[in-house]
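# Reading the structure
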Amino acid sequence: TTASSFAQSDRAAIDVVQIDLAERSYPILIGQGESLWQEAHAHWPKGTSAVIVTNDTVAPLYAKALRQRLEGHYPKVIEVVLPDGEQYKNWETLNQIFDVLLGQAADRKAVLFALGGGVIGDMTGFAAACYMRGVPFVQVPTTLLAQVDSSVGGKTAINHPLGKNMIGAFYQPKLVVCDLDTLKTLPAAELSAGLGEVIKYGPIYDMAFFEWLEANVQALVAQDVEALRYAVRRSCEIKAAVVSADETESGLREILNFGHTFGHAIEAGKGYGAWLHGHAVAAGMVLASHLSTKLGYQQDAQFHARLVALLEQAGLPVQAPVLDATNNAQRYLDLMRVDKKSQGGAIRFVVLKPAGKAVTEKVDDAIVANLLNELITA
Ligand code: NAD
Ligand code: MG
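Note that this is a predicted model, so its numbers are computed, not measured. (Residues numbered from 1 in each chain as written. Chains lettered and ligands numbered in written order. Predicted model: local features only at pLDDT ≥ 70, side-chain atom pairs only at ≥ 80, totals over all residues.)

### Quick notes on the site of ligand 1
To be explicit about the condition: Placing the C-beta atom from the backbone, one calls a residue near a molecule or strand if that atom lies within 6 Å of it. Comment: elements are numbered from the N terminus, with helices defined as DSSP H or I runs of at least four residues and strands as E runs of at least two.
As a matter of local geometry, ligand 1 sits amid 28 residues, with Gly 117, Gly 118, Thr 143, Ser 150 and Thr 185 nearest to it. At the level of elements, helix 4 (118-130), helix 5 (144-150) and helix 6 (188-205) are the ones that each hand at least two residues to the shell around ligand 1.

Okay, structure coming up:
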């Protein structure tokens, strides 16, 4: 295993981030080209069949190459191509995976490969958790968001008509393979959405990374592979550190939701799909940073301005939208209260105490309403 540091001269090398969860530990491999896939090959779980689960956007781009890489290793390679879209992250589509698995007589020695963004990763992981009470799975994330966030940490789920990600399981993959070359075909809006989650890791955990992002945001937007490689690696390292300390979200892991409480209200209030998740999180982080200041925890006005500037350079929205023309603050509060992270009355927020370190805290509605009234104007 060759772990390397961010170095222009070392293009063939790959980066490895280890997720430490005792017997559920696994590596994340980050790189491109043959060196990446050779290393991946050495880590494939043993099995009698490989089942590639992907969608009709990603399949034409990358399924053939993955199939060829798996064919030498597994006696049988099966493909399941699902329709593309968050609206298909449901029971019906999940069942299509089981239909193929059972139809092809896949047994407990089947290994599932999630090839796609977070929707495919979440659904495939949940299918792997359920099929025959659990079969191994590998994440091959092809969006920036999936490489830095959803493929790491073992949260799997489908949506229910009454709530996003409400049916799921904690189930860790055996391996994550981040092929940076796949990001080249990603639409610009999806790239910026991923950058929203990347930027999140700075204020909650690592201001040195935040400074690196400030210096390299142009390269990231221009899809410079070495810049992306470091951003993916550092994001995975931070997520790994947080998840290793709190696998099932009983405490620390909540800090990964910085900007998300406001962001979820924006996504729900505008109607799912109108705002990409990473975009809603960006506008949400601006509000959460303000809230931190308001609570007296984060008094560096410079930091707030830097956060806004960085998000803007990453092509992200920084202004939260009006969700209700007559009673906007109340609408936000109502939407945030149904978010599954709120416990009892007061809503919990992730706040900076100060920038570089996040904590969660219940905040009185009145304080939040004042903030929303100040900052969101038509
Ligand atoms: P996505 O999976 O919908 O992918 C975005 C779009 O990009 C899709 O149309 C997809 O087909 C397309 N695509 C994927 N790879 C591509 C490529 N290389 N080139 C061109 N197009 C490509 O969205 P996402 O942002 O990757 O993930 C969002 C999902 O992840 C949500 O369902 C969310 O709930 C989930 N999520 C889960 C976790 C977790 O911890 N499990 C964390 C964050 C988000
Ligand atoms: Mg998120």
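Now, onward.
### As for the sheet that holds strand 6 (residues 137-141)
Formally: The pairing criterion for strands is at least two bridges between them, as found by DSSP. Only the contacting stretch of a helix is used when fitting its axis, a line to C-alpha atoms as for every element, and angles between N-to-C directions run 0 to 180 degrees.
The sheet built from seven strands is open, its strands ordered 1-2-9-6-5-3-4 with mixed pairing. The open sheet has two edge strands with one neighbour each: strand 1 (15-19) and strand 4 (76-82). Going across the sheet, the axis of each strand differs from the next one's by a mean of 15°, ignoring polarity. Summarising the sheet, strand 5 (residues 110-116) and strand 6 pair through five bridges and their orientation is parallel. Following the sheet pairing, Leu 112 is matched in strand 6 by Phe 137.

### Topic: the UniProt feature "binding site: Zn(2+)" (unreviewed entry) in the chain
Stated formally: UniProt positions are given in the numbering used here, feature names are shortened, and annotations may be inferred rather than shown by experiment. A residue pair is marked as a contact if its C-beta atoms, positioned from the backbone, fall within 7 Å. Labels follow a simple rule on C-beta atoms placed from the backbone: if 20 or more others lie within 10 Å of a residue's own, it is buried; if 12 or fewer, it is exposed; otherwise it is partly exposed.
Per the UniProt annotation, the sites labelled "binding site: Zn(2+)" (unreviewed entry) are Glu 197, His 260 and His 277. Look at the named residues: they lie 81 residues apart in sequence, but the longest C-alpha span between them is just 10.0 Å, so in the fold they bunch up. Assignment of secondary structure puts Glu 197 in helix 6. Beyond its immediate stretch of four places on either side in the chain, Glu 197 contacts Leu 145, Val 148, Asp 149, Gly 278 and Val 281. Structurally, His 260 can be placed in helix 9 (residues 260-270). Its 23 C-beta neighbours within 10 Å are what place His 260 among the buried residues. The residues touching His 260, leaving out its near neighbours within four places in the chain, are Val 281 and Gly 284.

### Notes on the pairing of strand 6
Keep this limit in mind: Look down the strands so they point away from you; if the path from the first strand over the helix to the second goes clockwise, the crossover is right-handed.
The buried count for strand 6 comes to five of five residues, which makes it a mostly enclosed element. After leaving strand 5, the chain enters helix 4 and then returns to the sheet as strand 6, a path that is right-handed. Bridge count between strand 6 and strand 9 (residues 175-179): two bridges; the pairing is parallel. For Val 138, the partnering residue across the bridge sits in strand 9 and is Leu 175.

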